[in-house]
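Observations on the model geometry
Read off the chains here:
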Amino acid sequence: SSGAMEPLDVCMVGTGEYTTGYVPGLEAAPDKRVGVVGLVLFDLRRRGVVSSLSMVGTSGRKFAAIRDHLQKGIAEQYRDMDVTCDTFPADGIDRDPQAYKAAIDALKPGSGCCIFTPDDTHFDIAMYAVERKCHVLVTKPAVMTVDEHIKLRDAARKYRVLVQIELHKRWDQIYADARERIRSYGDFTYFNSYMSQPQSQLQTFKAWAGKSSDISYYLNSHHMDIHCWAMQGRAVPVKVTAFGSTGVASGKYGCPPNTEDVITVLSEWKNIPSGNKGIAVYTAAWTAPDNAEVHSQQRFQCLCHNGEVRADQAHRGYEVTADRKYMSVNPMYMKYTRDSAGYYAGQRGYGYLSIETWVNACRDLNHGSEHVHTQWQDSLRHVRLGRAEKTLEECHATLPTLETTLELTALLEAGRRSLDDNGASIDVQKLIKGEER
């Protein structure tokens, strides 16, 4: 067992746009036409990094269409790309929201579980996987409340597994560079971010939009994380007030009354150790016009005492016009064009790296703990045990795990609480300590 790292078995929970690119009756968003998660994992399997793959949804009836979509969109587009995988529930099953249990039960401990499902389902699925000693990659927001975050984090500690949040913007070279620069510019003064999606996405999300989650949880989470990551150990969020605008989601797309079209979360921060105040404004919208030059506007600005950074992730200076449409495209996220030999060639995209880094971290952890189980000579055992322990700590130091993202969850929950209480001010530190719950 001391040789090469074993490939990882992975179960993909969720069969929607981000996993497969398949949206019944609709075309996928142009920045994820054959999805992200499935494509990346199929390619990692081709490269020998991943072994067996399974996919689970709530309805078996979609799988025939999904297989056809993956066959045409991936297998027939890229050389040597196998898109077969086990699927749950069985094709004839109309609806089984608990199908993820059978899929996770089929995994051996140390396997990986990717969760890309509606926000309010993440906690139950992730907890089920963690309790069966599986590593987890969960899309943002990992969970919807501080309470759930702490429970899941404690379970991950108990079962010694990695729970990472799929915050892919951290792998964007510009955002990663900006984070380090911000940390060298002294106290934090002001942050603002804007992220949008076109109205047509409300069709894709109509099952949950405005019912079980909102646009702040779904999109503000990205830039809130970049800000929290930059502030780690340097500043803390103190209070939050949130406001929403209404009329489009409920009026035009049949979402529940009062579904917010745009949400702005305003927060006050305190610098450590100076005590100086900083302010941050995070805005997210899902009612931008369709057919704009980008699927998603996404940008931020951060002003500190000794410097400022501004990044526009949507406009990278690369413009494409075809089929009577003008686009500002970003292959740094996901590159779908082939290489000259016909292979998939998007391994350096930050959408890809986010998933690959998690897979390799899981393999590393399994490799370390494997030695613990099989090498019983005392000296070796202690060396190896030390390595496995240290590796999980290394993961927390370098990856967006539950250990280091509690403030992100707190900002999101505080925003929702403020909206539900007519713009009331929410004490974030009390929320984190459990005094507001």
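Residues numbered from 1 in each chain as written. Predicted model: local features only at pLDDT ≥ 70, side-chain atom pairs only at ≥ 80, totals over all residues. Heavy atoms only, no water.

Considerations on the overall build of the protein
Here is the rule we go by: Numbering of helices and strands runs from the N terminus, with a helix taken as a DSSP run of H or I at least four residues long and a strand as a DSSP run of E at least two residues long. The reference for a compact globule is 2.2 Å times residues^0.38; the radius of gyration itself is calculated from the C-alpha atoms. Each residue is placed in one exposure class: buried if its accessible area under a 1.4 Å probe, protein chains only, is under 20% of its type's maximum, exposed if it is over 50%, and partly exposed if it falls in between.
Within the protein, the regular secondary structure consists of 14 helices and 15 strands. Taking 22 Å as the expected radius of gyration for a compact globule of 437 residues, we find that the protein reaches 22 Å, a close match to that expectation. Dimensions along the principal axes, computed over C-alpha positions, put the protein at roughly 60 × 55 × 40 Å. Among the 437 residues that make up the protein, the fraction classed as buried is 54%.

Observations concerning the pattern of salt bridges
A pair can form between side chains of opposite charge whenever their charged atoms are brought close. Convention followed: One side-chain nitrogen of Lys or Arg within 4 Å of one carboxyl oxygen of Asp or Glu is enough to make a salt bridge.
Throughout the structure, instances matching the rule amount to 21 salt bridges. Here D9 makes a salt bridge to K108, at a shortest N to O gap of 2.8 Å. Of this pair, D9 sits in strand β1 (residues 8-13) while K108 sits in the loop between α4 (99-105) and β4 (112-115), placing them 99 residues apart in sequence. By relative accessible area, which is 13% here, D9 ends up buried. The shortest N-O distance in the salt bridge between E260 and R416 comes to 3.0 Å. Of the two residues, E260 is situated in strand β9 (residues 260-271) and R416 in helix α13 (residues 406-420); the sequence distance between them amounts to 156 residues. Here the two residues E260 and R416 agree in accessibility, since each one is buried. Three or more residues joined by partner-sharing salt bridges are found here, namely R153, D154, R157 and E403.

Overview of the sheet that holds strand β10 (residues 277-288)
Quick reminder of the rule: When DSSP finds two or more bridges between two strands, those strands count as paired. Here a residue-residue contact requires only that any non-hydrogen atoms of the pair lie within 4.5 Å. Interaxial angle, 0 to 180 degrees, is taken between N-to-C directions of lines fitted to C-alpha atoms, where a helix line uses only the stretch in contact.
Spatially, β12-β11-β7-β10-β9-β8-β15 is the arrangement adopted by the 7 strands of the open sheet, whose pairing is mixed. With one partner strand each, in any of the chains shown, β12 (307-312) and β15 (426-427) form the two edges of the open sheet. The pairing of strand β11 (residues 298-304) with β12 spans 6 bridges and is antiparallel. Of the residues in β12, the one forming a bridge with R299 is D312. Against the sheet, helix α7 (residues 173-182) touches β11 and β12, its axis set at about 15° to β11.

Some thoughts on helix α3 (residues 63-75)
Quick note on the threshold: Each direction from the helix axis to a C-beta atom contributes to the arc, which is the arc of those directions.
All buried positions along α3 are accounted for by F63, I66, H69, L70, G73 and I74. Viewed along the axis of α3, the buried residues span an arc of 120°, placing them on a single side of the element. Buried-residue contacts for α3 involve α1 (17-20), α2 (37-46), β2 (50-56) and β3 (86-88).

Concerning the sheet that holds β1
One open sheet holds the 6 strands; their spatial order is β3-β2-β1-β4-β5-β6, and the pairing between them is parallel. Both outer strands of the open sheet, β3 and β6 (163-166), are each paired with one neighbouring strand and no more. In this sheet, adjacent strand axes meet at a mean angle of 20° when their direction is disregarded. Where β2 lies against β3, 3 bridges are found, and the strand directions are parallel. Note on β3: the bridge partner recorded for V56 is F88. Sheet strands in contact with α2 are β1, β2 and β4, and its direction is about 155° off that of β2.

Concerning the nonpolar core
How we decide: Think of a nonpolar core as a cluster: buried Ala, Val, Leu, Ile, Met, Phe, Trp, Tyr and Cys residues, connected wherever their side-chain atoms sit within 4.5 Å.
V136, L152, W269 and F300 are the most contacted members of the largest nonpolar core, which totals 84 residues. Ranked by the residues each element gives to this core, the list is headed by helix α9 (residues 215-231), at 10 residues. When sequence neighbours within four positions are dropped, the list of residues in contact with V136 reads C113, I115, A126, A129, V130, L162, V163, Q164 and W358.

A word on the packing of aromatic side chains
Condition: Between rings of Phe, Tyr and Trp, where Trp is taken as its six-membered ring, a pair exists when centres lie within 6.5 Å; planes separated by under 30 degrees are stacked, by over 60 edge-to-face, and by other angles tilted.
Counted by the stated rule, this structure contains 14 aromatic pairs. Summarising the aromatic geometry, the rings of Y78 and Y344 are spaced 5.3 Å apart at their centres and angled 90° between planes, so their arrangement reads as edge-to-face. One end of the pair, Y78, is in the loop between α3 and β3; the other, Y344, is in the loop between β14 (325-328) and α11 (350-374), and 266 residues separate them in sequence. Residue Y78 shares its accessibility class with Y344, and that shared class is buried. With a centroid separation of 6.2 Å and an interplanar angle of 80°, the aromatic rings of F188 and W269 are classed as edge-to-face. Taken together, the residues F188 in strand β7 (residues 188-198) and W269 in strand β9 connect sequence positions 81 residues apart.

So, the pairing of β2
Applicable threshold: By convention, a crossover is right-handed whenever its connection, traced from the first strand over the helix to the second and viewed with the strands pointing away, goes clockwise.
Within β2, 5 of the 7 residues are buried, which leaves the element mostly enclosed by the surrounding structure. With 5 bridges connecting them, β1 and β2 associate as parallel partners. From the neighbouring strand, V10 faces β2, where its bridge partner is L53. In this fold, the crossover linking β2 to β3 by way of α3 has right-handed handedness.

Focus: the pairing of β9
Looking down a regular strand, the side chains alternate between one sheet face and the other. Looking at chain direction, strand β8 (residues 235-246) and β9 are connected through 11 bridges and run antiparallel. Paired with K239 across the two strands is E268, which belongs to β9. Across 9 bridges, β9 lies against β10 in antiparallel orientation. Directly across from I263, in β10, lies its bridge partner A284. With antiparallel pairing between neighbouring strands as the criterion, β9 and β10 make up a hairpin whose turn holds 5 residues, including G275 at a positive phi of roughly 85°.

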